[in-house]
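Architecture and fold: a report
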Amino acid sequence: MFSFIDREQFLLYHCTRLLNATQLQLGRKQMAKIILKGRFAFAISMWFLTLMCGAQEPPYFVTYSHSLEEPGNLEIASKGAAGSPKYANPFVSQTLELEYGATAWWTTEVYLAGQHTSNDSTIFTGFRWENRFRPLLREHFINPVLYVEYEHLTLADKGLLEVTGHDSIANFQLTNAQARRELERSLEMKLILSTNTHGWNISENFITEKDLNEPEPWEFGYALGVSRPFALAARSQSCVFCRENFSGGLELYGGLGTTDGFGLKATSHYLGPIIGFNVPRGPTITFSPNIGLNDNSIGVLYRFTVSYEIQQVFGFLHRGGR
Amino acid sequence: MRAARLLFPTSTFWAWISCALIFSAMAVGAADYPAWLRHVPDADRKRTNPYAGQSDAVAAGSKLFADHCTKCHGADALGSRKKPSLRTPEVQKASDGEIFWLLRNGDLRHGMPSWSAIPEPSRWQIIAYVKSLGEVPATTHQAPSK
């Protein structure tokens with residue numbers, strides 16, 4: 001079994017040999033630059049790998065549980081969604097999430113969102129800044145978490161990190177050029193209620209959103225999730241593809257109209273099974289095919305997330321990498 | 001006479017001094033006792049570890065400990081500058097039920113997160129491992145336990 005240093009030396013040796021073979025085609029200076037850059041990138045990736053750990057969070061995409069980020073830890077996640085809406089071009093959206101545990105009762109996150117639409121363009125759609133607080137400092141049967149988020153997104157955002165109001169398939173039928181003209185600055189609040197019992201997590205989110213640009217009514221939405229690890233006790237041996245590293249669940253979310261028209265009319269809803277794989281000392285990979293439950297929803301929305309948790313990120317920097 | 005009073009104040013003065021000393025001693029004693037232990041309900045305190053003494057559980061617990069606990073408490077569980085050691089007599093002599101309560105609830109005010117998302121059997125495995133580490137004399141502790 002190689003240690004990280006051994007692996008690095010081994011790979012560097014072979015990469016250098018491969019690059020030497022092409023040295024005749026490129027100048028020596030250029031080659032030296034490439035090797036230096038490669039070594040730097042490799043060292044950075046090795047540093048990240050040594051800091052990584054598996055997060056112990058339910059594998060939801062839209063629903064939040066009362067699990068907050070551990071203080072001092074930074075989770076970097078890439079959240080993707082791909083779909084092919086009716087009468088619109090297929091799209092893939094990517095959201096980069098940076099989640100930091102400020103304290104044991106407060107987690108703060110920044111999202112950077114973008115999307116690519118076939119036969120159209122690839123654009124950056126905006127950012128979100130989110131904060132979650134645990135008002136009760138002990139564990140109860142139902143644990144509330146307060147969520148406040150500021151969104152600065154164009155109408156072209158297709159991340160679908162929540163569904164509120166009368167969000168529907170019509171939003172996807174606009175071209176990127178049309179949709180990005182309309183910038184929405186909004187405030188979103190959620191009441192998160194969550195329970196951990198007998199290995200199961202059951203979470204309910206009640207969502208409300210207010211557009212700060214225009215005098216529009218408050219929008220409402222919901223998200224429900226249930227999940228469980230495939231094994232509750234860990235095995236004594238190290239293993240990658242064992243049941244304890246997998247978790248599964250089910251997620252249901254959708255809009256509930258606005259203050260002007262509360263209810264299910266002209267809203268979209270999705271239901272999907274989820275599977276999560278927590279690679280030991282590596283990333284957590286989550287996948288879910290979400291099925292649209294009515295004509296206002298996208299038929300099937302494929303969601304995938306890859307997340308890395310870097311433990312005590314600032315402490316590591318303070319200690320100078322020791 | 002006035003000088004004598006200054007040198008030998010009244011009995012009320014000595015009563016106040018004694019009270020202050022007694023309360024300080026109590027406060028020092030309380031500081032030795034981890035604050036979170038005082039909040040553990042009796043029912044939780046009496047819970048026993050179903051994996052106690054099982055070598056497989058200790059091995060599984062060490063794996064889980066490495067994943068979730070080492071960055072704060074260190075690979076040897078001796079803590080760091082600001083994070084407490086788990087090998088102090090207070091932690092090692094605490095009952096399994098008390099530590100289980102702490103893992104479930106955390107001590108959010110002092111930076112210890114709740115680990116209720118880890119399934120119960122896995123939390124018991126972590127406790128089996130922590131208890132297997134044994135005490136380390138106070139002089140070698142890197143940080144006092146809260």
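So, how was this worked out
Residues numbered from 1 in each chain as written. Chains lettered and ligands numbered in written order. Predicted model: local features only at pLDDT ≥ 70, side-chain atom pairs only at ≥ 80, totals over all residues. Helix = DSSP H or I, 4+ residues; strand = E, 2+ residues; numbered from the N terminus. Buried ≥ 20, exposed ≤ 12 C-beta atoms within 10 Å, placed from the backbone. Contact = placed C-beta atoms within 7 Å. Nonpolar A, V, L, I, M, F, W, Y, C, P; charged D, E, K, R; others polar. Core = buried A, V, L, I, M, F, W, Y, C linked by C-beta atoms within 7 Å. Pairing = 2+ DSSP bridges. Expected span 1.5 Å × (residues − 1). Axes fitted to C-alpha atoms, helices over the stretch in contact; angles between N-to-C directions. Parallel < 35°, antiparallel > 145°, perpendicular 65-115°, else oblique. Left-handed = near helix turned anticlockwise from the far one by under 90°. pLDDT = per-residue confidence, 0-100.

A count of helical and extended segments in chain B gives eight helices and zero strands. From first element to last, N terminus to C terminus, chain B shows the α and β order α-α-α-α-α-α-α-α. The buried share of chain B, taken over its 146 residues, is 38%. Residue pairs in contact within chain B that sit at least 24 positions apart in sequence constitute 78% of those at least 6 positions apart.

Here we take up the overall build of chain A. Counting secondary structure elements, chain A contains four helices and 13 strands. Taking all contacts inside chain A whose residues are at least 6 apart in sequence as the whole, residues at least 24 apart take part in 63%.

We now examine the interface of chain A and chain B. Facing 27 residues of chain A, the contacting portion of chain B comprises 26 residues. Residue composition of the side of chain A that touches chain B, grouped by class: 10 nonpolar, 11 polar and six charged.

All names here are of chain A. Looking at the secondary structure, you find Lys86 in the loop between strand 2 (74–83) and strand 3 (91–103). Look at Lys86 and you get partly exposed, because 13 C-beta atoms sit within 10 Å. For Lys86 and Ala170, which are 84 residues apart along the polypeptide, the C-alpha to C-alpha distance reads 9.0 Å.

Counting residues in each nonpolar core, the largest one holds 29 residues, and the members touching the most others are Ile99(B), Ile126(B), Ile127(B), Ala128(B) and Val130(B). Of all elements in the fold, only helix 4 (55–68), helix 7 (96–105) and helix 8 (120–133) of chain B reach the threshold of two or more residues within this core. When residues of this core are assigned to their parent elements, the largest contribution, six residues, is made by helix 8 of chain B. With near-sequence residues (within four places) excluded, Ala128(B) lies in contact with Asn49(B), Tyr51(B), Ala52(B), Gln54(B), Ala57(B), Val58(B) and Gly61(B). One finds Phe61(A), Val62(A), Ala81(A) and Tyr253(A) within the second-largest nonpolar core, a separate group that totals 16 residues.

Residues and elements named next belong to chain A. Residues Glu75, Ala77, Lys79, Ala81 and Gly83 of strand 2 are buried on one face, while the alternating residues Leu74, Ile76, Ser78, Gly80 and Ala82, pointing to the opposite face, are not. Here strand 2 runs beside strand 3; their pairing, made up of 10 bridges, is antiparallel. Paired with Ile76 across the strands is Leu98, a residue of strand 3. Relative to strand 13 (residues 300–310), strand 2 runs antiparallel, the two sharing 10 bridges. Within the sheet, the bridge partner assigned to Ile76 lies in strand 13 and is Tyr308.

Okay, helix 8 of chain B next. In an α-helix there are 3.6 residues to a turn, and that puts residues three or four apart on one side. Given a rise of 1.5 Å per residue, 14 residues ought to cover 20 Å, and the 21 Å separating the end C-alpha atoms of helix 8 of chain B matches this to within 8%. Within helix 8 of chain B, 10 of the 14 residues are buried, which leaves the element mostly enclosed by the surrounding structure.

Residue and element names in this part refer to chain A. Here strand 12 (residues 284–292) shows one buried face, formed by Thr284, Thr286, Ser288, Asn290 and Gly292, and one open face, formed by Ile285, Phe287, Pro289 and Ile291. Taken together, the six bridges between strand 11 (residues 269–278) and strand 12 define a ladder with antiparallel strand orientation. Paired with Ile275 across the bridge in strand 12 is Phe287. The antiparallel pairing of strand 11 with strand 12 creates a hairpin that spans five residues between the two strands, and Arg281 there sits at a positive phi of about 50°. Note: strand 12 against strand 13, eight bridges, orientation antiparallel. Considered in strand 13, the bridge of Ile285 is made with Val306.

Quick look at the packing of helix 7 of chain B against helix 8 of chain B now. All names here are of chain B. Remark: helix 7 packs on helix 8, axes separated minimally by 10 Å, with the N-to-C direction vectors making an angle of 125°. The pairing of helix 7 with helix 8 is recorded here as oblique in orientation. Every pair of crossing elements has a handedness; the one defined by helix 7 and helix 8 is right-handed. Here Asp96, Ile99, Phe100 and Leu103 of helix 7 come into contact with helix 8, specifically with Arg123, Trp124, Ile126, Ile127 and Val130. Grouping the constituent residues of the contact of helix 7 with helix 8 by class yields seven nonpolar, no polar and two charged.

Quick look at helix 4 of chain B now. All names here are of chain B. With 14 residues, helix 4 extends 20 Å between its outermost C-alpha atoms, agreeing within 8% with the 20 Å of an ideal straight helix rising 1.5 Å per residue. For helix 4, a buried count of 10 out of 14 residues is recorded, marking the element as mostly surrounded by other parts of the structure. Those residues of helix 4 that fall on the buried side of the exposure criterion are Ala57, Val58, Ala60, Gly61, Ser62, Lys63, Leu64, Phe65, Asp67 and His68.

It is worth spelling out the environment of Ser238(A) at this point. All names here are of chain A. Relative to the helices and strands, Ser238 resides in the loop between strand 9 (219–229) and strand 10 (246–258). The exposure class assigned to Ser238 is exposed, which follows from the 11 C-beta atoms found within 10 Å. When the C-alpha atoms of Ser238 and Phe262 are compared, they prove to be 51 Å apart, with 24 residues separating the residues in sequence.

The next subject is the packing of helix 4 of chain B against helix 8 of chain B. Residues and elements named next belong to chain B. Closest axis-to-axis distance for the helix 4/helix 8 pair is 7 Å, and the angle between their directions is 100°. On the basis of their axis angle, the class for helix 4 and helix 8 is roughly perpendicular. Residues Ala57, Val58, Ala60, Gly61, Ser62, Leu64 and Phe65 of helix 4 form the contact with helix 8, whose participating residues are Ser122, Gln125, Ile126, Ala128, Tyr129 and Ser132. Looking at the contact of helix 4 with helix 8, its residues break down into eight nonpolar, five polar and no charged.

Turning our eyes to something else, we now look at unusual backbone geometry. All names here are of chain A. With phi around 50°, Leu160 is a residue other than glycine that occupies positive phi space. Secondary-structure assignment places Leu160 in the loop between strand 6 (143–154) and helix 3 (176–179). Judged by the 23 C-beta atoms lying within 10 Å of it, Leu160 is buried. With a phi close to 50°, His198 is a non-glycine residue in the positive phi region.

Residue and element names in this part refer to chain A. Across chain A, pLDDT averages 86, with 80% of residues at or above 70. A low-confidence stretch, residues 1–8 stays under pLDDT 50, and its non-local contacts, those more than four residues away or across chains, total seven contacts. Under a pLDDT of 50 for its full length, residues 42–54 has, in the predicted model, 25 contacts with residues more than four places off or in other chains.

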